[in-house]
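What follows is each chain in one-letter form.
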Amino acid sequence: MIQIKKVACHFCHMNCGMLAYVEDGVVIKVIGDPEHPFNQGAQCSRGVSALDHLYHPNRINYPLKRVGERGSGRFARVSWEEALDDIAERLKQLISQYGAETVSTIGGTNRTDDFARRRFFNLLGSPNVAHTAPVCWIPNFLAETSSYGWGSFDAEVMNGARCVVVWGHNPGASYLPEMRGLLQARETFGTKIIVIDPRFSETAAKADLWLPIRPNSDNALALAWLNVIINEGLYDMEFVSEWTVGFGELAERVQEYTPEWAAEKTGISAELIIEAARMYATSKPACIMWGVATDQLGRGSTAGAQARVALRAICGNLDVPGGDVMPGPHPTFITDWEMELNEKLPEEQRAKQLGSDRFKLNSWPGYQLITENLVRVWGKSIPAEWFCEANPPVLFRAMATGKPYPVKAAIVLADNPLVSYANTKLVYQALKNLDLLVVMEYWMTPTAVLADYVLPAASWLERPVLTTTYGVSDWLVASERAIKPLYERKTDYEFWRELGIRLGQEEYWPWETDEEVFKYRLEKLGYEIESYEEFVQKYRYDFAPREYRKYLTRGFATPSGKVELKNSTLERLGYDPLPHYVEPPFSPEARPELAEEYPLTLIAGGGFNPFFHSEHREITRLRLVSPYPRVAINPRLAEQYGIKDGDWIWIETPTGKVKQRAVLTAAVAPDTIQAERGWWYPEKEIEEPVLMGVFESNINVCLDDDPDTCDEACGSWCTRGVRCRISKVGEGS
């Protein structure tokens, strides 16, 4: 008999709904769920490869213990009991010698239940939890939350938006359901589309206005829009008068940021800057769609986010239908924040969070200030996970140098730090220097090769998925597992629980399975259900009643109760409270000594199908679509260097050198190249020094994460507008 299970794809954080056909415990087919609100039956190439992933012969199926030198690739199979007992004992020894802060964890993009990770670490007493948060959503979200009390990430494109600004985002390549909504909005409402992207992307090809911005000059453009909108009186005067503070200081501040000034910075004509600003301000409602490129600017990332905060607010687009909606937390669902047990982490341990003395908005100093206001208005806060973290560049330096104190252990889940963080050689040095490295993974990766233990992770067909957009949405989508985990694979919840029990945390882990803890989190919703699976089969979703202009009754969750164009939280933390210009860290103006030797501009990254970040390189049918790393080069630049389409090219910065294959395209400017991210080669030798080619084409080898170049408030490192040079790879290289 064939059963149909309602599952969720976890190959990216869209979590598209899927239907898994299961016969005698074997998944025989996976198709898109036509009733799912996100994908409506569609599948991307990653979703189509679900069974390749589940049954791949190279999956990690049993716990492995290192038996050779670190990096030798020599492991022996052990039992879960042996692995967890030994890990727990070694953690106890390290904590006894160095303190709990010596234990860290590194995570990836939402492939896990991160409340469990944070719960474990709060109970353990370590504040050193890290993700790629500083370059993924968090600077924008926290600038918004500190300004108006929640992230306005829910752009209501399909609810009557008259103008959508796609800023630093390319849903036409990375988030297809969003792209479909964008095109449907144009057909339904006549929505204008403005795309801001250095590259003539798939999304830019559908735009009414494409602004081919110079990489890492987004801040200048946003400030110039403010200048135009304020000086031409295009803002919402009633909203500004009633619901903002600091407008006078803002208006005065932006006078110096004229369209002509911004034209020199951005490479966009003053006329086009003015036309775009007018289109955005006079098309109401309008929204600015979320993207992560503006989180990846290094110094000035948060300052740029402040400027976009002001644009949304003064144009009256906050929390209105078709605008930028601040959903707030789900009122009755037990959220990630409620599950984390942040109160269990002592104050003295919070003060030891690495990077919190410098990058204060994304760590305990800022998080505490923000939480006070969120709890006052919403009754709940945003999770500490992602929004209150150790800074990765500081964490890796502590591992490598022992300063400001030794970090001797790391537990890595859903991440491959050697590929996903900047300055790969430093990350390598840091991981090699650990006394204990534990990696939970689907595959043997370059990072896993360095581990003491590699533990088998269950993938999304083997686990239930409860989608809440990093714990900050007012809705949830529940999905079930298709089958029990194969071999000895486990979920991350099971891992944290079983390790926690060995470390004296048993009373805090009463739920034995993922389904039990998920059912507990649903209990206040009022459904009469016997099991989590029953909720999935009968209901599957819960969307809190959508309210707009909630500030009319609640006020904004800020110290003043209004939108703070002059941000008092940033001011208390010692930062400039008003939007302002920050010169990009590697621009010719900031680093003139680099400009002659490294004459080109590098864009590192940008999501692209069929891969997600550093994943899926093992899947043959996906590798056949994209077998090699590619760097986009303008034909005029290629001719200058004698480069032909398909040639291997060296890309070099002062930090490192890698090679990728040239793709000649006029989509990038003649002085700019765009390199793909996330590349390593599962088919190559696993042991050192090859490490599956992690130093060969991985563009993070070329990126500098010096804290002095990182964003002042959130610690983001720079991946856009990096100085570089190129050369053709010679024969025999």
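Residues numbered from 1 in each chain as written. Predicted model: local features only at pLDDT ≥ 70, side-chain atom pairs only at ≥ 80, totals over all residues. Heavy atoms only, no water.

J.: Which residues make up the sheet that holds strand β5 (residues 75–77), and what values go with them?
T.: Taken in spatial order, the seven strands make up an open sheet running β5-β4-β17-β16-β15-β6-β7, and their pairing is mixed. Looking at strand neighbours, the two that pair on one side only are β5 and β7 (129–130), the edges of this open sheet. Where strand β6 (residues 103–107) and strand β15 (residues 409–413) come together, five bridges link them in parallel fashion. In the strand pairing of β15, V103 is matched with A409. Lying over the sheet, helix α3 (residues 80–98) contacts β4 (64–66), β6, β15, β16 (436–441) and β17 (453–456), oriented at roughly 135 degrees with respect to β17. Helix α4 (residues 114–124) rests against β6, β7 and β15 of the sheet, and its axis sits at about 170 degrees to β6. (Pairing = 2+ DSSP bridges. Helix = DSSP H or I, 4+ residues; strand = E, 2+ residues; numbered from the N terminus. Contact = heavy atoms within 4.5 Å. Axes fitted to C-alpha atoms, helices over the stretch in contact; angles between N-to-C directions.)

J.: Describe in detail the nonpolar core, supporting the description with residues and values.
T.: Judged by nonpolar contacts, the single largest core of 84 residues is most densely connected at W225 and I314. The leading source of residues in this core is helix α8 (residues 218–231), at 10 residues. Once residues within four sequence positions are removed from consideration, I314 is found in contact with L226, I229, I230, Y235, D236, V240, F247, L250 and L565. Within the second largest apolar cluster, 65 residues are counted, among which are L426, F586, A638 and I726. (Core = buried A, V, L, I, M, F, W, Y, C linked by side-chain atoms within 4.5 Å. Buried < 20%, exposed > 50% of the residue type's maximum accessible area, 1.4 Å probe, protein only.)

J.: So what about the pattern of salt bridges? Which residues, and what values?
T.: Scanning all chains against the criterion turns up 47 salt bridges. A salt bridge links D86 to R90, with the nearest nitrogen and oxygen atoms 3.5 Å apart. One end of the pair is D86 and the other is R90, both in helix α3 and four residues apart, which spans about a single turn. Given a relative accessible area of 24%, R90 falls into the partly exposed group. Between D492 and R463 there is a salt bridge, with the nearest N and O atoms lying 2.6 Å from each other. (Salt bridge = Lys/Arg side-chain N within 4 Å of Asp/Glu carboxyl O.)

J.: Please provide a residue-by-residue account of the side chain of E618, values included.
T.: Mapping E618 onto the fold places it in the loop between β22 (600–604) and α27 (620–625). R623 provides the closest opposite charge to the buried, salt-bridge-free E618, at an N-O distance of 7.6 Å. Those residues in contact with E618 that lie beyond four places of it in its chain are H56, W443, W680 and P682. (Lys, Arg positive; Asp, Glu negative; His and termini not counted.)

J.: Please set out the packing of aromatic side chains residue by residue, giving values where relevant.
T.: Each aromatic ring pair is described using two quantities: the centre-to-centre distance and the angle formed by the ring planes. Scanning the model with the defined rule gives 43 aromatic pairs in all. With centroids separated by 5.8 Å and ring planes inclined at 40 degrees, the aromatic side chains of Y421 and W717 adopt a geometry described as tilted. With Y421 in the loop between α18 (417–420) and α19 (424–432) and W717 in the loop between β26 (672–675) and β27 (720–728), this pair connects stretches of sequence that are 296 residues apart. Each member of the pair, Y421 together with W717, is buried. Between the aromatic rings of F611 and W679, the centroid separation amounts to 5.4 Å while the plane-to-plane angle is 85 degrees, which identifies the pairing as edge-to-face. (Phe/Tyr/Trp six-rings, centres within 6.5 Å; stacked < 30°, edge-to-face > 60°.)

J.: How would you sum up the layout of surface pockets? Please name residues and give values.
T.: By volume, the second largest pocket amounts to about 1200 Å³. Lining the second largest pocket are 44 residues; nearest its centre among them are M14, F38, D154, E178 and W475. Listed by contribution, the elements that provide at least two residues to the lining of the second largest pocket are α4, β8 (154–155), α7 (176–189) and β18 (465–467). For the lining of the second largest pocket, the element with the highest residue contribution is α7, accounting for five residues. Counted by class, the lining of the second largest pocket contains 20 nonpolar, 13 polar and 11 charged residues. (1 Å grid on protein atoms, 1.4 Å probe; cavity = no way out; pocket = protein on both sides within 12 Å on 5 of 7 lines; lining within 4 Å. Points joined across faces, edges and corners; volume = space filled by probe spheres on them. Nonpolar A, V, L, I, M, F, W, Y, C, P; charged D, E, K, R; others polar.)

J.: Can you explain the environment of R350? Please cite residues and give values.
T.: Summarising the element assignment, R350 is placed in helix α15 (residues 347–350). Linking R350 and W364, residues 14 residues apart in sequence, is a C-alpha distance of 6.4 Å. In this structure, R350 is in contact with P127, N342, E343, L345, S356, W364 and Q368, ignoring residues within four places of it in sequence. At 3.0 Å, the side chain of R350 forms a polar contact with the backbone oxygen of N342. (Polar contact = N/O pair within 3.5 Å; in protein donor to acceptor, adjacent residues only side chain to side chain.)

J.: Describe the pairing of strand β10 (residues 192–196), and please don't skip the residues or the numbers.
T.: With four of its five residues buried, β10 lies for the most part within the structure. The pairing of strand β9 (residues 163–167) with β10 spans five bridges and is parallel. Note on β10: the bridge partner recorded for C163 is K192. Bridge analysis of β10 against strand β11 (residues 209–211) gives three bridges, and the strand direction is parallel. Across the sheet, the residue bridging to I196 is L211, located in β11.

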